[in-house]
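Okay, here's what each chain looks like letter by letter:
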Amino acid sequence: MDNISVSTTDVRIERHASQLSRQLKLLREKLFPPLSQKTLRTFTSGEAAQMIGVSDGYLRQLSLDGKGPQPDVAINGRRSYTLGQINELRQHMARVKPKDALSYLPWRRSGEKLQTVAVTNFKGGSAKTTTSLYLAQYLALNGYRVLAIDLDPQASLSSMLGVQPEFDLGDGDTLYGAIRYDEGRRSLKDVVRKTYFDGLDLVPGNLELMEFEHETPRALNDRQRTGEVFFRRVGVAISEVEANYDIVVIDCPPQLGYLTLGAVCAATSLLITVHPQMVDVASMSQFLLMTSDLLSVVRKAGGDLKHDFIKYVVTRHEPFDAPQSQIVALLRNLFSDDVLTATILKSTAIADAGLTKQSLYEIERGQVRRSTYDRALESVNAANGEVLAGIHKAWGRK
Ligand SMILES: Nc1ncnc2c1ncn2[C@@H]1O[C@H](COP(=O)(O)OP(=O)(O)O)[C@@H](O)[C@H]1O
Ligand SMILES: [Mg+2]
């Protein structure tokens, strides 16, 4: 009669899961109607000119001459461009000024290998996803062809980039689809999707990624049948789409599992996020020890563990907090140049923008208090700029 009282735990939990999923779906439809695709704001002609590296007057003349994409002109005469148009203009400038092509269109040239940045730390809440998101968007806004890979089953990066992991994805629509061991494996080409951000593509994540953690031990016992060893599979998948990108940013899960190891082996550089608090730094020393142990096993098994750079980035930094300052000083003392000079400030602007699933790069400057917005964005830009400098150095650019 009373079903609930006699049902076993598995049945009960399954019922909870489907109830929750139904409610979430309703809630989501209310918050984000199915047809409301996420879009990126447009940029004023002043912003566009600055991004491209020309004067506003030059842009105006281009549009008057009917060259390049035509901006949207408001009633008050204000011209605005989409990021897609800005990228077209970058290509246009590179064509008409071939001598300065690289400053307009920074895509990698032959001899410059794909850069893959793995953002990692096994501590949840250490701002990995935020750091990955801002880095990927910064690079895309600067004209690079960027692929963001969400390797966290919790998939916050995917939802920030407009993909609802519970609803928008089918089987094999995450990186798992391209690294799984069985015949279901597909090319990463078929998994990558465009985002509303021109130049920024996404390999979304969801819970399916956990399968890789479960299957790898079995695959390790059965190497004949399962092909490439686990720590090379992420790299092999990325190589299938390599030609389309300059930079890949991987948001790692908050544990040191097979996915993280695969990402670290595929990466050309590591960005380790640090929240400068005693508890977090204490667990970081554990993280480093365990990472080093595991990586040495992987290296002895033939894994590639040469990285162009490894940088620690201090995030959610409160520079006026004395204990935090001590920890930042300690890190700089110990790791010197391996710690980015810029720190990412703790800011309500970043936290609030996160709640509405937008980054500071997406919201218009008027939407939050200017001083807060400017300070936060400056800190993020400075940190991202240092990462980009590391990438340029790896490419041998000045
Ligand atoms: N610089 C920052 N200022 C304020 N809040 C931040 C900042 N960076 C991250 N957060 C917030 O901290 C929480 C954890 O960040 P998140 O990037 O999701 O960490 P992780 O991916 O390591 O778990 C999120 O709610 C995020 O909005
Ligand atoms: Mg995260």
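Here the structure is shown first, and the text comes after it.
Residues numbered from 1 in each chain as written. Chains lettered and ligands numbered in written order. Predicted model: local features only at pLDDT ≥ 70, side-chain atom pairs only at ≥ 80, totals over all residues. Heavy atoms only, no water.

Draft legend 1. Inspection of the side chain of Ser159 at higher detail. Considering the arrangement of structural elements, one finds Ser159 in helix H8 (residues 156-160). Aside from chain neighbours lying at most four places away, what touches Ser159 is Gln164, Pro165 and Lys357. (Helix = DSSP H or I, 4+ residues; strand = E, 2+ residues; numbered from the N terminus. Contact = heavy atoms within 4.5 Å.)

Draft legend 2. A look at the site of ligand 1. The local shell around ligand 1 holds 15 residues, among which Gly125, Lys128, Thr129, Thr130 and Leu345 are the closest. One of the side-chain N or O atoms of Thr129 is found 2.8 Å from an oxygen atom in ligand 1. Calculation on ligand 1 without its partners gives an accessible area of 560 Å², and the protein chains cover 76% of this total. If you list the elements that add at least two residues to the shell around ligand 1, you get helix H7 (128-141) and helix H16 (348-355). By residue number, the principal contributor to the shell around ligand 1 is H7, which donates three residues. For the shell around ligand 1, a count of residues per class yields five nonpolar, six polar and four charged. (Near = heavy atom within 4 Å. Polar contact = N/O pair within 3.5 Å; in protein donor to acceptor, adjacent residues only side chain to side chain. Areas by Shrake-Rupley, 256 points an atom, 1.4 Å probe, with all protein chains shown as cover. Nonpolar A, V, L, I, M, F, W, Y, C, P; charged D, E, K, R; others polar.)

Draft legend 3. Spotlight on the sheet that holds strand E2 (residues 72-73). Taken in spatial order, the three strands make up an open sheet running E1-E3-E2, and their pairing is antiparallel. Looking at strand neighbours, the two that pair on one side only are strand E1 (43-44) and E2, the edges of this open sheet. As judged from the two bridges shared by E1 and strand E3 (residues 79-81), these two strands associate in the antiparallel manner. Looking at the pairing, Phe43 lines up with Tyr81 of E3. (Pairing = 2+ DSSP bridges.)

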